[in-house]
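# A closer look at the structure
Chain residues, written in single-letter form:
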Amino acid sequence: MLSTTLTPLLAFLIPFAAVPVAADTYDMVKEYAGQNFFDGWTFYNHFDNLTNGDVVFVSASQALSSRLAFVDSTTNHAIMQVDNRSTVVFNDKRNSVRLQTDVRFGVGSVWIADMLHVPYGCSVWPAWWSNAPAWPTGGEIDTFEGVNMVTNSQMGLHTLAGCTVTGQQQSSTLLNSTDCSHLDNNNLGCITTDPRTTSYGAAFAQAGGGVFVTEFATTGISVWFFPRANIPSTISSNSSSIDTSTLGLPVGNWPSTTCSSSQFFEPQNLIFDITLCGGSLCRRRIHLPQTCSGVCYNDYVLGNGSNYNTAYFEVASVRVFSKQGTSTIVQSNGASRAGGGAISVLSVAVGVLAAVAGLMVS
């Protein structure tokens, strides 16, 4: 998802026009929150054959019984986490979670995830994203993704051939790649990095987390991230409607001018997952030295699991909105059959983020 070649990234470190993106008003049609947060999600219930991680994505019943997915009775927040209590021996995998919404959400939707904590740590690869069931047909939208101990999250798209990005109206100048095709650059995707260190890891948690907003509109796809102290009142008030014109420039923007969201994207299942190692560079015998030392599987997955004490999502709510006067909810035909573009992130993320570390702001 991020390029291993630093020159193309640095070529994109240019300011974007500060013009407002096309916006609309949306009404809430679905909410996942409180004691009923996990109603309406399907757990993958299989080892990670999607991104080749060293985990078993457990069933809903096992996740609940082993407290890998539960609602905290004190905070009423949903917790989704890697098993940090079991001892894993060689050739075994560690238990984790991957879950997706039972319904899909079509063009004309906005989804807002309020998170207090995101997973991080050596070998940890979390994502909050979406895709259509027959990936790459129907596309993939990555709202949040991180890896290991990097300090910044990223966002992006993965599609069939023919989708490129031009004319972005976004606040981030860290545009890593512009061809969204899964066939280009080993499924790199068209990726933007959030320049703020509060978008991932320990700094995210210390700042009280924040809110990720994804707009899936006919005019294009946009992603905003607001740290806790900067959440707009229209979101913090839990309003039943939202006008995206009030949110300012998104961090990442993919206009429909050269990549029609109606052509390249179908209704999306929303997905949380946490895998370990995986991808093409963080396999068992290889690790990413820019942020973590040692061998991914041997030095982190194996053993007593204490490495994964910070490998969890804490989510207050996920709220989905449809364009005013419509409903964009689409019944699903089953679980997504592919891992999507996420497989490329570990190949490339840390090298690029390390290269631009001096440009980041808190």
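Residues numbered from 1 in each chain as written. Predicted model: local features only at pLDDT ≥ 70, side-chain atom pairs only at ≥ 80, totals over all residues. Heavy atoms only, no water.

## Structural notes on the pairing of strand β20 (residues 312-323)
The buried fraction of β20 amounts to 10 of the 12 residues, a majority that puts the element mostly inside the structure. Inspection of the sheet shows strand β1 (residues 25-33) paired to β20 by 7 bridges, in the antiparallel sense. By the bridge assignment for β20, Lys30 is matched with Val320. As paired elements, strand β6 (residues 78-81) and β20 share 4 bridges and run antiparallel to each other. Its bridge partner being in β20, Ile79 is matched across the sheet by Glu314. (Buried < 20%, exposed > 50% of the residue type's maximum accessible area, 1.4 Å probe, protein only. Helix = DSSP H or I, 4+ residues; strand = E, 2+ residues; numbered from the N terminus. Pairing = 2+ DSSP bridges.)

## A closer look at unusual backbone geometry
A negative phi angle is the norm for most residues apart from glycine, just as the trans form is the norm for most peptide bonds. Residue Pro136 is bonded to the preceding Trp135 through a cis peptide linkage, with omega at 10°. The residue Pro136 is located in the loop between β11 (124-131) and β12 (140-145) in this model. The phi torsion at Arg67 lies on the positive side, around 60°, for a residue other than glycine. Summarising the element assignment, Arg67 is placed in the loop between α2 (60-65) and β5 (69-71). On the basis of relative accessibility, which here comes to 44%, the residue Arg67 falls in the partly exposed class.

## Thoughts on the nonpolar core
Within the largest apolar cluster, 67 residues are counted, with the highest numbers of intra-cluster contacts made by Phe37, Met115, Trp128, Phe272 and Val318. Discounting chain neighbours no more than four positions away, the residues touching Phe37 are Tyr32, Val71, Ala78, Met80, Phe272, Val315, Ser317 and Val318. Counting 13 residues, the second largest nonpolar core, distinct from the first, contains Tyr26, Val110, Ile112 and Trp224. (Core = buried A, V, L, I, M, F, W, Y, C linked by side-chain atoms within 4.5 Å. Contact = heavy atoms within 4.5 Å.)

## Here's the deal with the packing of aromatic side chains
Under the definition given, this model contains 17 aromatic pairs. Judged by centre distance (6.2 Å) and plane angle (70°), the rings of Trp111 and Phe216 are edge-to-face. Residue Trp111 is found in strand β10 (residues 109-117), and its partner Phe216 is found in strand β15 (residues 210-217); the two are separated by 105 residues along the sequence. For Trp111, a relative accessible area of 1% puts it in the buried group. Its end group placed over the ring of Phe70, Arg67 keeps NZ or CZ at 3.7 Å from the ring centre. Looking at Arg98, its charged tip hangs above the ring of Tyr44, at a distance of 5.4 Å from the centre. (Phe/Tyr/Trp six-rings, centres within 6.5 Å; stacked < 30°, edge-to-face > 60°. Lys NZ or Arg CZ within 6 Å of the ring centre and 35° of its normal.)

## Structural notes on the state of the cysteines
For the structure on display, the rule yields 4 disulfides. Disulfide pairing places Cys180 opposite Cys190 at an S-S distance of 1.9 Å. What sets the handedness of the Cys180 and Cys190 disulfide is the S-S torsion sign, and at about 100° it is right-handed. Here the residue Cys180 occupies a position in the loop between β13 (154-158) and β14 (190-193), and Cys190 occupies one in strand β14, the gap between them amounting to 10 residues. A relative accessible area of 0% means that Cys180 is categorised as buried. With its bonded cysteines labelled in order along the sequence, the protein chain shows the pairing 1-7, 2-5, 3-4, 6-8. (Disulfide = S-S within 2.5 Å.)

## Examining the side chain of His158
With respect to the secondary-structure elements, His158 resides in strand β13. For His158, the side chain forms a polar contact with the side chain of Asp142, separated by 3.3 Å. Within polar-contact distance, the side chain of His158 engages the side chain of Asn187 at 2.9 Å. (Polar contact = N/O pair within 3.5 Å; in protein donor to acceptor, adjacent residues only side chain to side chain.)

## Focus on the environment of Thr326
Within the fold, Thr326 resides in the loop between β20 and β21 (329-331). Thr326 sits 299 residues away from Asp27 along the chain, and the two C-alpha atoms are 8.5 Å apart. Here Lys323 takes part through its backbone oxygen, which lies 2.6 Å from a polar atom of the side chain of Thr326.

## Some details on the sheet that holds β13
An order of β2-β8-β19-β11-β12-β13-β14 is seen for the 7 strands of this open sheet, with the pairing classed as antiparallel. The sheet is open, and its two borders are formed by β2 (41-43) and β14, each paired with just one other strand. Between one strand axis and the next, the sheet turns by 20° as a mean value, whatever way the strands run. (Axes fitted to C-alpha atoms, helices over the stretch in contact; angles between N-to-C directions.)

## Focus: the sheet that holds strand β4 (residues 55-57)
One open sheet accounts for 3 strands, arranged β3-β4-β7; its pairing is mixed. Edge positions in the open sheet fall to β3 (46-47) and β7 (94-96), since each of these has one partner strand only. Strand direction decides the pairing type here: β3 and β4, joined by 2 bridges, are antiparallel. Bridge assignment links Phe47 to a residue of β4, and that residue is Val56.

## Section: the confidence of the model for the protein chain
Residues of the protein chain with pLDDT of at least 70 account for 83%, and the chain-wide mean is 87. Per-residue pLDDT stays below 50 along residues 340-362; that stretch engages in 85 contacts with residues further than four places along the chain or on separate chains. (pLDDT = per-residue confidence, 0-100.)

## Some thoughts on the pattern of salt bridges
Evaluation of the coordinates by the stated rule reveals 5 salt bridges. The salt bridge partner of Lys323 is Asp24, with a shortest N-O separation of 3.4 Å. Here Lys323 is found in strand β20, whereas its partner Asp24 is found in the loop between α1 (6-11) and β1, with 299 residues between them in sequence. Using a relative accessible area of 29% as the deciding quantity, one classes Asp24 as partly exposed. (Salt bridge = Lys/Arg side-chain N within 4 Å of Asp/Glu carboxyl O.)

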